[in-house]
Amino acid sequence: MENKYFTSEELNVKNRAFLSGDAVKVSFFVRDAKLIMDEECYFFLMASMRKMRMNIPLSYTLEFFQSIFNKDIIEKGLTNGIINFQVFRNMDGITLSKSSVSYYYEIVEMNDVLSVQERPLELDMIKEINVNNNLLSNIRVHSPENIYGEIYAQENDLDDVIFLNPSKRIARAGTGNLLFLEGDVIKVPKQTEGAYISPLLENFVTFLHKNNLADIQEHEIIAFESQKAEEILLISDEKGVFSVGKIRNKTFGNNRFLELTEAWRKSF
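Description of the structure in this document. Only a predicted model underlies this, so the values are computations on that prediction, with no experimental measurement involved.

**Things to note about helix 6 (residues 255-266)**
For helix 6, with 12 residues, the first-to-last C-alpha span of 17 Å sits near the 16 Å given by 1.5 Å per residue. What helix 6 keeps buried is the set F257, L260, T261 and W264. Axial view of helix 6: buried residues confined to an arc of 95 degrees, hence all on one face. Turned more than 90 degrees away from the buried face of helix 6 sit N255, E259 and K266, all of them exposed. As for helix 6, its buried residues are in contact with strand 10 (177-182), strand 11 (185-189), helix 5 (199-210), strand 13 (231-236) and strand 14 (240-247).

Printed below as a string of structure tokens:
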């Protein structure tokens, strides 16, 4: 597709996304030229806007988003990909909570959003900064920690970093959530630990639980436990699904997670 991004109106620098990071982001998913998990993604968007005290337009219905994505993206040729949708507050209200909102979204094309990407990732812990674990830590808002972590990863030839929370326990990666496989148990950091709310992750673990394919456990995970895992999966609503191949000197397999994600993919 030639046009990779769309906006509700012409962008200018006098908006609160640019000036203050006053925006929320949620991903929608296209698979085989159809929206999948669109209802879950829509409700996550509404919840994120409420948490940021945004003025939600009456037009922001599920059908509205289905219509614009089908018209502007799917009907123009996108078969598989991620729509990273961002809503930001304008500067036109008497108060911030009464200001109107606008949107911007861009598209990441890929072969299949539900498939594990080919190259395993190399990660490392970052300890000089941490991420919070409050109400706003679970939604995708402006995060200077993510920017710092992305630069740290680039400077150290890493693909991503693992963030700890103030209690020195694992919260998430820079781009998404982590799942740790030990035997038949998959440990996932709790949202109260600073993990993202993720429709993609929730759909995956719900599938595994309903089909008795793994024992899913939400945990408080100390940093050392990452070295005990047999396999690690990173699920990013923004970028897709990835195996973690290495953290420091420890390497990880991915056979079991490949089997589980393949079963999940075939269920759609």
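There's plenty left to go through after this.
**What about the packing of helix 2 (residues 38-51) against helix 3 (residues 62-72)?**
Where helix 2 contacts helix 3, the axes come no closer than 10 Å and their chain directions differ by 115 degrees. Considering how the two elements wind past one another, helix 2 and helix 3 form a crossing that is right-handed. Residue-level inspection shows D38, E39, Y42, L45 and M46 of helix 2 in contact with helix 3, the latter providing L62, F65 and Q66. When its residues are assigned to classes, the contact of helix 2 with helix 3 shows 5 nonpolar, 1 polar and 2 charged.

**Points about the packing of aromatic side chains**
Overall, the coordinates contain 19 aromatic pairs when judged by the stated rule. Seen from their ring centres, F28 and F85 are 6.1 Å apart, and the 80 degrees between their planes marks the pair as edge-to-face. Taken together, the residues span a long stretch of sequence, with F28 in strand 2 (residues 23-31) and F85 in strand 4 (residues 81-89) at a distance of 57 residues. Here F28 and F85 have matching classes, each one buried. The rings of F6, F28, Y42, F43, Y60, F64, F65, F69, F85, Y103 and Y105 are connected pair by pair, giving a single aromatic cluster.

**What to know about unusual backbone geometry**
The backbone of D157 shows a phi angle near 55 degrees, a positive value even though the residue is not glycine. By the secondary structure assignment, D157 is in the loop between helix 4 (144-155) and strand 8 (160-164). In this structure, K168 takes a positive phi of about 65 degrees despite not being glycine. Tracing the backbone through its elements, the reader meets K168 in the loop between strand 8 and strand 9 (170-173).

**As for the nonpolar core**
Counting residues in hydrophobic clusters, the biggest one holds 56 residues, and the most contacted among them are L45, F69, F85, V87, L179 and F204. In this structure, L179 is in contact with I186, K187, V188, L201, F204, V205, E231, I232, L233, I235 and F257, ignoring residues within four places of it in sequence. Counting 17 residues, the second-largest nonpolar core is a separate cluster that includes M125, I162, L164 and L178.

**Focus: helix 2**
Spanning 14 residues, helix 2 covers 20 Å between terminal C-alpha atoms, matching the ideal 20 Å at 1.5 Å per step. Of all the positions in helix 2, only D38, C41, Y42, F44, L45, M46, S48 and M49 are classed as buried. Tucked into the core, helix 2 has its buried residues touching strand 2, strand 3 (34-36), helix 3, strand 4, strand 5 (101-109) and helix 5. A positive phi of about 55 degrees marks R53, the residue just after helix 2.

**A few points about the pattern of salt bridges**
The full count for this structure, using the stated rule, is 14 salt bridges. Between D124 and R248 there is a salt bridge, and its shortest N-O distance comes to 2.7 Å. Here D124, found in strand 6 (residues 121-126), pairs with R248, found in the loop between strand 14 and strand 15 (250-251); they are 124 residues apart in sequence, far enough to count as distant. For R248, a relative accessible area of 42% puts it in the partly exposed group.

**Some words on the environment of F64**
Topologically, F64 is positioned in helix 3. Look at F64 and you get partly exposed, because its relative accessible area is 23%. In contact with F64, not counting residues within four places along its chain, are S59 and Y103.

**Things to note about the pairing of strand 10**
Counting buried residues along strand 10, 5 of its 6 residues qualify, which places the element largely inside the surrounding structure. In terms of strand pairing, strand 10 meets strand 13 through 5 bridges, oriented antiparallel. Paired with L181 across the bridge in strand 13 is E231. Here 3 bridges tie strand 10 to strand 11, and the two strands are oriented antiparallel to one another. Note on strand 11: the bridge partner recorded for L181 is I186. Adjacent in sequence and paired antiparallel, strand 10 and strand 11 are bridged by 2 residues, among which G183 carries a positive phi angle near 65 degrees.

Calculation notes
Residues numbered from 1 in each chain as written. Predicted model: local features only at pLDDT ≥ 70, side-chain atom pairs only at ≥ 80, totals over all residues. Heavy atoms only, no water. Helix = DSSP H or I, 4+ residues; strand = E, 2+ residues; numbered from the N terminus. Expected span 1.5 Å × (residues − 1). Buried < 20%, exposed > 50% of the residue type's maximum accessible area, 1.4 Å probe, protein only. Arc of directions from axis to C-beta. Contact = heavy atoms within 4.5 Å. Axes fitted to C-alpha atoms, helices over the stretch in contact; angles between N-to-C directions. Left-handed = near helix turned anticlockwise from the far one by under 90°. Nonpolar A, V, L, I, M, F, W, Y, C, P; charged D, E, K, R; others polar. Phe/Tyr/Trp six-rings, centres within 6.5 Å; stacked < 30°, edge-to-face > 60°. Core = buried A, V, L, I, M, F, W, Y, C linked by side-chain atoms within 4.5 Å. Salt bridge = Lys/Arg side-chain N within 4 Å of Asp/Glu carboxyl O. Pairing = 2+ DSSP bridges.

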